[in-house]
Amino acid sequence: MRFLRLALLIILSSVAASGLAAEEMDSLEFSKLPWLKQLAKSNFDVNRPGINYPKFARFCLKVYNWGDKTFNSYDTAYVVGTGKNWKALVRSYNWNDAFALYFSRKNYLHINSDIYSDLGIHLSFMAVSIGYTVDANAYFGGSSGSRHNFNFNFVCGLFSAGISTSTAKGGTTINHFGDYAPAKGKLKYKFDDISQESLSAYVYYFFNHRKYSQGAAYSFSKYQLKSAGSWLSGLSINRQKISMDFSGLPEDLISHLPSLQKRYDFHYTDYDILGGYGYNWVLKPRKWLINGTIMPSIGYKHSYEGTTEGRKDMFSTNIRGNFSVVYNHRSLFAALIGNYEGHFYFAKGYTFYNSMASLSLVAGVRF
């Protein structure tokens, strides 16, 4: 009996020793690999022990870890990381512009652009993303005008920042023109004598950044576990250059123009303080997340030479809003995201308002 016990003990010791030897061999082989291959073998876990980073790469990793700790620290009862470094997603991005001249409550002009659509595929690793986007209108038909749009956004626990530009020419429809009443149905007159160039930039801070994650709703980088909201405050800069020329319209339509002026030019820059509130609703069983964010702003407007009203300094007020509906299932996610941006221009005798609205459909996987 003692002999059997001794034999069993020797066998178990041999198995354990061979396992340790194999593990040591794997560790030895891993240590001999170049650091990029070590990183790939670690499934790009940048903080895995044993990766032989060169000095500059190790310095970058220390900076990243410092930034992640400083700018992305959360109360883990409310917000946690996804545990994945990679994301691959497909996005359908659709937007349109609207323009309005209000002379009185019942006497106004309203112009709406066609809907413009992009389709894109994106691959992200941590904070770095690459992608390819195609103009869906070119393949499926759609807007007759020329439109280009660029968006860049950065979101962390403490703050959010972004910049967007857009250019547009033609491809709009007049839906209301003073007191003009069409003989049949609603007014839908194609209008191409309009152009727009805009640039918008913003940065704002989350006061309740320990419990509220904007990234969970818009960049899918976190999981919001409990409902929470946050007041926010920041700065925004907005530059607009818009021209509308009604002189080419038919006489029976132009005779209903609320003023004698047939061309309007708006060229100005707003420097605003913005504030608002964002809230994440987490629906049981914590797979659904709904976000709503509203951000009005006020500040100083400077209009340039060539503007219809001439060069002057004015009061500025604008509004920005977002919503997101996100569904998470293990590593998969899908979202419906809406954005709205509106700008006011108060002139003598009328108010000009232009806006841009967009809607995105997103589906992707984390790995």
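Above this note sits the structure.
K.L.:
Quick one: what's the story with the packing of aromatic side chains, residue by residue and with numbers?
P.N.:
Tallied over the full model, the rule gives 29 aromatic pairs. Between the aromatic rings of F266 and Y350, the centroid separation amounts to 6.5 Å while the plane-to-plane angle is 75 degrees, which identifies the pairing as edge-to-face. With F266 in strand β13 (residues 263-283) and Y350 in strand β17 (residues 350-366), this pair connects stretches of sequence that are 84 residues apart. Grouping aromatic residues by their ring pairs yields a cluster made of F103, F177, F191, F246, Y264, F266, Y268, Y345, Y350 and F352. Sitting above the plane of the Y78 ring, K226 keeps its charged end 5.4 Å from the centroid. The ring centre of Y268 lies 3.8 Å from the NZ or CZ of K301, which sits over that ring.

K.L.:
Account for the environment of V282, naming residues and giving values.
P.N.:
Looking at the secondary structure, you find V282 in strand β13. Of the residues examined, V282 reaches a relative accessible area of 14% and is grouped as buried. Considering only alpha carbons, one finds V282 and A357, 75 residues apart in sequence, at a separation of 25 Å. Aside from chain neighbours lying at most four places away, what touches V282 is Q224, L225, K226, S227, W288 and L289.

K.L.:
A description of the side chain of H343 should follow, citing residues and the corresponding values.
P.N.:
Inspection of the secondary structure assignment puts H343 in strand β16 (residues 332-347). For H343, the side chain forms a polar contact with the side chain of Q240, separated by 3.5 Å.

K.L.:
How would you explain the nonpolar core if you had to name every residue and give the values?
P.N.:
By size, the foremost hydrophobic cluster in this structure holds 25 residues, and its most contacted members are L101, F177, M244, F246 and F266. Mapped by element, the contributors of at least two residues to this core are β2 (86-102), β3 (108-113), β8 (172-177), β12 (228-245), α6 (251-254), β13, β16 and β17. If you tally residues by element for this core, the top one is β13, at 3 residues. Ranked by size, the runner-up nonpolar core spans 12 residues in total, among them A216, Y218, F220 and V282.

K.L.:
Explain the pairing of β2 to me, and be specific about the residues and the numbers.
P.N.:
Regular strands show a simple pattern: their side chains alternate between the two faces of the sheet. Summarising burial for β2: 12 of the 17 residues are buried, a large majority. As paired elements, β2 and strand β4 (residues 116-125) share 10 bridges and run antiparallel to each other. Following the sheet pairing, A88 is matched in β4 by L123. Both β2 and β17 contribute to a ladder of 16 bridges, which runs antiparallel. Its bridge partner lying in β17, V90 is registered against A363.

K.L.:
Tell me what's going on with the pattern of salt bridges, and back it up with residues and numbers.
P.N.:
Throughout the structure, instances matching the rule amount to 6 salt bridges. One salt bridge in this structure joins R263 and D265, with 2.9 Å as the shortest N-O distance. Looking at D265, the relative accessible area reads 17%, which means it is buried. Residues D270 and K301 are paired through a salt bridge, measuring 2.9 Å at the closest nitrogen-oxygen approach. In this pair, D270 is assigned in strand β13 and K301 in strand β14 (residues 288-303), connecting sequence segments 31 residues apart. In this pair, the class of D270 matches that of K301, namely buried.

K.L.:
Describe a nonpolar patch on the surface, naming the residues involved and giving the relevant values.
P.N.:
A cluster of nonpolar side chains, contributed by F150, F152, F154, I163 and L199, occupies part of the molecular surface with about 440 Å² of accessible area. The greatest single-element share of the nonpolar patch, amounting to 3 residues, is contributed by strand β6 (residues 146-155). Within the fold, L199 resides in strand β10 (residues 194-206).

K.L.:
Talk me through unusual backbone geometry; I want residue IDs and the actual numbers.
P.N.:
For the bond running from K284 to P285, omega is 5 degrees, close enough to zero to count as cis. Here P285 lies in the loop between β13 and β14. The phi torsion at R286 lies on the positive side, around 65 degrees, for a residue other than glycine. In this fold, R286 is placed in the loop between β13 and β14.

Criteria and thresholds
Residues numbered from 1 in each chain as written. Predicted model: local features only at pLDDT ≥ 70, side-chain atom pairs only at ≥ 80, totals over all residues. Heavy atoms only, no water. Phe/Tyr/Trp six-rings, centres within 6.5 Å; stacked < 30°, edge-to-face > 60°. Helix = DSSP H or I, 4+ residues; strand = E, 2+ residues; numbered from the N terminus. Lys NZ or Arg CZ within 6 Å of the ring centre and 35° of its normal. Buried < 20%, exposed > 50% of the residue type's maximum accessible area, 1.4 Å probe, protein only. Contact = heavy atoms within 4.5 Å. Polar contact = N/O pair within 3.5 Å; in protein donor to acceptor, adjacent residues only side chain to side chain. Core = buried A, V, L, I, M, F, W, Y, C linked by side-chain atoms within 4.5 Å. Pairing = 2+ DSSP bridges. Salt bridge = Lys/Arg side-chain N within 4 Å of Asp/Glu carboxyl O. Patch = residues over 30% accessible without salt bridge, like charges linked within 9 Å, V, L, I, M, F, W, Y side chains within 5 Å. Areas by Shrake-Rupley, 256 points an atom, 1.4 Å probe, with all protein chains shown as cover.

Worth remembering: the numbers are spatial, not functional.
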